[in-house]
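Coordinate analysis (summary)
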Amino acid sequence: MQNIKNIYEKKYLIDYANIKSGIIKYQKNFLDKNQFHDFVKNPYKGFPLLLPLGLKSFDYTRCKSFFFIDKNFFYKKIYLFNNKKKIK
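Quick look at the structure, then.

Parameters at a glance
Residues numbered from 1 in each chain as written. Predicted model: local features only at pLDDT ≥ 70, side-chain atom pairs only at ≥ 80, totals over all residues. Heavy atoms only, no water. Core = buried A, V, L, I, M, F, W, Y, C linked by side-chain atoms within 4.5 Å. Buried < 20%, exposed > 50% of the residue type's maximum accessible area, 1.4 Å probe, protein only. Contact = heavy atoms within 4.5 Å. Salt bridge = Lys/Arg side-chain N within 4 Å of Asp/Glu carboxyl O. Helix = DSSP H or I, 4+ residues; strand = E, 2+ residues; numbered from the N terminus. Patch = residues over 30% accessible without salt bridge, like charges linked within 9 Å, V, L, I, M, F, W, Y side chains within 5 Å. Areas by Shrake-Rupley, 256 points an atom, 1.4 Å probe, with all protein chains shown as cover.

A separate point is the nonpolar core. Of all hydrophobic cores here, the largest spans seven residues; its members are Tyr 12, Ile 19, Phe 30, Leu 49, Leu 55, Phe 58 and Tyr 60. For Phe 30, the contacting residues outside a window of four places in its chain are Tyr 12, Asp 15, Tyr 16, Ile 19, Gln 35, Leu 49, Leu 50, Leu 51 and Phe 58.

The following block contains the structure:
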């Protein structure tokens, strides 16, 4: 199980490196709530990169705000999926 957790942490380090190197065209950092909703309204920007809470590799002390996204919102807005019976 520890191996999966390490891979999970590394994924966000890679996302951060990609953002900071300029590979990700429409992001300069992980998104805040307003930037996230802007991404959703403009699908040409791609899939938004977000940072979950609680990763040991990141310092959250300078974060100005935190927000939560309901999984149903993701299914409806990002994946265009509306069948609630199949959402777990």
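Now that the structure is up, let's keep going.
Right, let's talk about the pattern of salt bridges for a bit. As enumerated under the stated definition, the model contains two salt bridges in all. A salt bridge links Asp 15 to Lys 11, with the nearest nitrogen and oxygen atoms 2.4 Å apart. Highlighted residues: Asp 15 and Lys 11, both in helix α1 (residues 2-21), separated by four residues, approximately one helical turn. As a salt-bridge pair, Asp 38 and Lys 45 come within 2.4 Å of each other at their nearest N and O atoms. Asp 38 sits in the partly exposed class, given a relative accessible area of 32%.

What follows covers a nonpolar patch on the surface. A surface patch of nonpolar side chains, about 380 Å² in accessible area, is lined by Leu 53, Phe 66 and Phe 68. Mapped onto the elements, Phe 66 comes out in the loop between α2 (33-41) and α3 (71-78). What makes Phe 66 partly exposed here is its relative accessible area of 47%.

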